[in-house]
Amino acid sequence: MYKLDQSETPLFDALMEYVNRNTIPFHVPGHKKGNGIDEEFKNFMGENPFKIDVTVFKLVDSLHHPTGPIKRAQQLAADAYGSDAAFFSIHGTSGAIQTMIMSVVNSGDKIIIPRNVHKSVTAGIILSGAIPVYMQPELDKTIGIAHGVTSETVENTLKQNPDAKAVLIINPTYYGVAADIKKISDIVHSYDIPLIVDEAHGPHLGFNDNLPISAMQAGADMCSQSTHKIIGAMTQCSLLHIRSERIDIHKVQQVLSLLQTTSPSYVLMASLDCARRQIALHGKELLNKAIDLSSYARYKINNIPGFYCFGEEIVGNPGVVSLDPTKITITCRDLGITGYDLDMILSNKYHIQMELSDLYNILAVGSFGDTKENIDALINALEEVSTEYYGRGNRKSDFLDIPPIPRQLEIPRDAFNSEKTPVLLKNSIGMISGEFLMAYPPGIPVLCPGEEITKEIVDYVQELKDTGLYVQGTEDPEVEYIKVVK
Ligand SMILES: Cc1ncc(COP(=O)(O)O)c(C=O)c1O
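Just so it is clear, the structure is predicted and the values come from calculations on it, not from any experiment.

This paragraph deals with the site of the ligand. In the vicinity of the ligand lie 13 residues, with Thr93, Ser94, Asp198, His201 and His228 positioned nearest. His201 places a side-chain nitrogen or oxygen 2.7 Å from an oxygen atom of the ligand. With the chains in place, 84% of the 390 Å² that the ligand exposes on its own is no longer accessible. Those elements that place two or more of their residues in the shell around the ligand are helix 5 (92-104) and helix 10 (227-230). Broken down by class, the residue content of the shell around the ligand amounts to three nonpolar, eight polar and two charged.

Spelled out as structure tokens, the structure:
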């Protein structure tokens, strides 16, 4: 199935050669293979990480101009994931997303994106000077989260904006919900423009048939994956994949080089090289383990009074075509406490740290790094919390329908660069927002920089506050004031 020998780890091997040669280091970093490191830190870390913490030289290659082991490591990554080219990002998926955007749109070009994008997409749009055209994702009132966008939404938005230069979608979502990416890809390509995918939460897709299909399998033109989030790479390591039909690989490489440090960590890059080997050779079994453990957790948690963990029953709802079962969203609305409260209880009393919390939910990220013991610890803690709280509080109210997306009076880059001044929100109607305003749940902006503040939005914010729901994003934590473009 692979064209290359996936048991190779060329970058890690080159670093091992450097270590085995007992090289005398007259290069940075100044700690010189750990000799100059603070003792307490070294005692904790051990010596090995410092021995491969090196800089750019011929033996270990250069991330910016790869000709040796890094080039080979990236080719192996492309082969493992079925892309035409892959690049290492040590600037996370954030850097890779900025790169994808800056590779397909220029100043003044339209790019179609979901409303609930990660801040790195906004950063890419500010940096490129592009014009975002927003699509509203599907919202789930029971769980209080946003799912993907439907293929109909993509098609309608393209019909209204046939001059758009690219479409970006998030797939799967943070909560593991996948949209109809294959159909979306076909629709986008019927306009002969690229589909780029924020696949931060999907570096394991494609290695197990019980997971949603990956962006590359669906025919997308580019995707970025946080290999550090789900598979075995260290924090900051991501992959950017390209299919070359509609994308200029060299342009992508140039942009990535523009955005990344000239001193990328070889420790991190070696971890990515080895994580690719691991997922390519053993992904299926490892992911079977992760899926079994998270399915067990889902089943057990669904039997605890006050908790609900969505699963296959939501497939077929708008924006939900398949699920990544390793993401365990634990809804605690019926327990009468917020997800924020539950997060704190688990952290402070049980020393269990969740990935995120919102008003209704906490999210556990499952992976093949989990153990049955740890899953049982979570289940036991949730049982105790249920005994303590179930039946005592009130169910949190449904979130309120989001007002329509307002007019964009300035592009995000101009709004970002312009001078701003704070005004009372209630006096800001008709002005141009200089800030984001987010409604939680479902974590969607009601206002983005450059957009017109409407009466509907001001009334909505008041209603959110009156209902005890959250609104955030402005510099003023109380959201009494909002910064507007002068
Ligand atoms: C949907 C989404 N996209 C992109 C990112 C950015 O990824 P990274 O942290 O690897 O930069 C995140 C991070 O949480 C995310 O949730």
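More follows now that the structure is in view.
It is worth spelling out the sheet that holds strand 6 (residues 166-170) at this point. Read across the sheet, seven strands follow the order 1-10-9-8-6-2-3 without closing on themselves; strand pairing throughout is mixed. Pairing within the sheet leaves two strands with one partner each, and these edge strands are strand 1 (85-89) and strand 3 (131-135). Strand after strand, the sheet turns through a mean of 20 degrees between neighbouring axes, direction not considered. Inspection of the sheet shows strand 9 (residues 222-225) paired to strand 10 (residues 238-242) by four bridges, in the antiparallel sense. Looking across to strand 10, one finds that Cys223 is bridged to His241. Of the strands in this sheet, strand 1, strand 9 and strand 10 touch helix 4 (residues 69-81), which is tilted by about 120 degrees from strand 1. Most of the contacts of helix 7 (residues 151-160) go to strand 3, to which it runs at about 140 degrees, and overall it touches strand 2 (110-114), strand 3 and strand 6.

A few words on the packing of helix 4 against helix 12 (residues 266-302). Pairs of packed helices are described in terms of their axes, by the angle between the two and the distance that separates them. Across the interface, helix 4 lies against helix 12 with an axial gap of 10 Å and an inter-helix angle of 35 degrees. Crossing handedness for the pair helix 4 and helix 12: left-handed. Note on element contacts: helix 12 touches helix 4 through Tyr266, Met269, Asp273, Arg276, Ile279 and Ala280, opposite Ile70, Ala73, Leu76, Ala77, Ala80 and Tyr81. Here the contact of helix 4 with helix 12 is composed, by residue class, of 10 nonpolar, no polar and two charged.

As annotated in UniProt, the feature "domain: Orn/Lys/Arg decarboxylase C-terminal" (unreviewed entry) corresponds to residues 417-467 in the numbering used here. Here residues 417-467 runs as 27% helix and 25% strand, with 35 Å between its end C-alpha atoms.

Next up on the list: the sheet that holds strand 11 (residues 308-309). Strand order in this open sheet of four strands is 11-13-15-14, and the pairing throughout is antiparallel. What marks the edges here is a single partner per strand, and that holds for strand 11 and strand 14 (356-357). This element, helix 13 (residues 339-350), spans strand 14 and strand 15 (361-365) of the sheet and lies at about 50 degrees to strand 15.

Before going further, it helps to examine the pattern of salt bridges. All chains considered together, the criterion is met by 18 salt bridges. Measuring nitrogen to oxygen at the nearest pair gives 3.7 Å for the salt bridge that ties Glu245 to Arg246. Judged by its relative accessible area of 24%, Arg246 falls in the partly exposed class. When the shortest N-O distance is used, the salt bridge between Glu388 and Lys349 registers 3.8 Å. Highlighted residues: Glu388 in helix 14 (residues 372-389) and Lys349 in helix 13, separated in sequence by 39 residues. Overall, Glu388 belongs to the partly exposed group, its relative accessible area being 39%. Salt bridges here are not isolated pairs; linked through shared partners, they connect Asp192, Asp221, Glu245 and Arg246.

Let us look at the packing of aromatic side chains. Enumeration over the complete set of coordinates arrives at five aromatic pairs. Taken together, a centroid distance of 4.9 Å and an interplanar angle of 85 degrees make the contact between Tyr81 and Phe207 edge-to-face. With Tyr81 in helix 4 and Phe207 in the loop between strand 8 (195-198) and helix 9 (215-218), the pair connects residues that are 126 residues apart, well separated along the chain. On the accessibility criterion, Tyr81 (9% relative accessible area) is buried. A ring pair is formed by Tyr174 and Tyr175, whose centres lie 6.5 Å apart and whose planes are at 55 degrees; its orientation type is tilted. Among the residues examined, Tyr175 registers a relative accessible area of 13% and is labelled buried. Across from the ring centre of Tyr134, 4.5 Å away, lies the NZ or CZ of Arg115, which sits over that ring. One residue, Lys420, lies across the ring of Phe416, its end atom 6.0 Å from the ring centre.

Parameters at a glance
Residues numbered from 1 in each chain as written. Predicted model: local features only at pLDDT ≥ 70, side-chain atom pairs only at ≥ 80, totals over all residues. Heavy atoms only, no water. Near = heavy atom within 4 Å. Polar contact = N/O pair within 3.5 Å; in protein donor to acceptor, adjacent residues only side chain to side chain. Areas by Shrake-Rupley, 256 points an atom, 1.4 Å probe, with all protein chains shown as cover. Helix = DSSP H or I, 4+ residues; strand = E, 2+ residues; numbered from the N terminus. Nonpolar A, V, L, I, M, F, W, Y, C, P; charged D, E, K, R; others polar. Pairing = 2+ DSSP bridges. Axes fitted to C-alpha atoms, helices over the stretch in contact; angles between N-to-C directions. Contact = heavy atoms within 4.5 Å. Left-handed = near helix turned anticlockwise from the far one by under 90°. UniProt positions renumbered as here; feature names shortened; annotations may be inferred. Salt bridge = Lys/Arg side-chain N within 4 Å of Asp/Glu carboxyl O. Buried < 20%, exposed > 50% of the residue type's maximum accessible area, 1.4 Å probe, protein only. Phe/Tyr/Trp six-rings, centres within 6.5 Å; stacked < 30°, edge-to-face > 60°. Lys NZ or Arg CZ within 6 Å of the ring centre and 35° of its normal.

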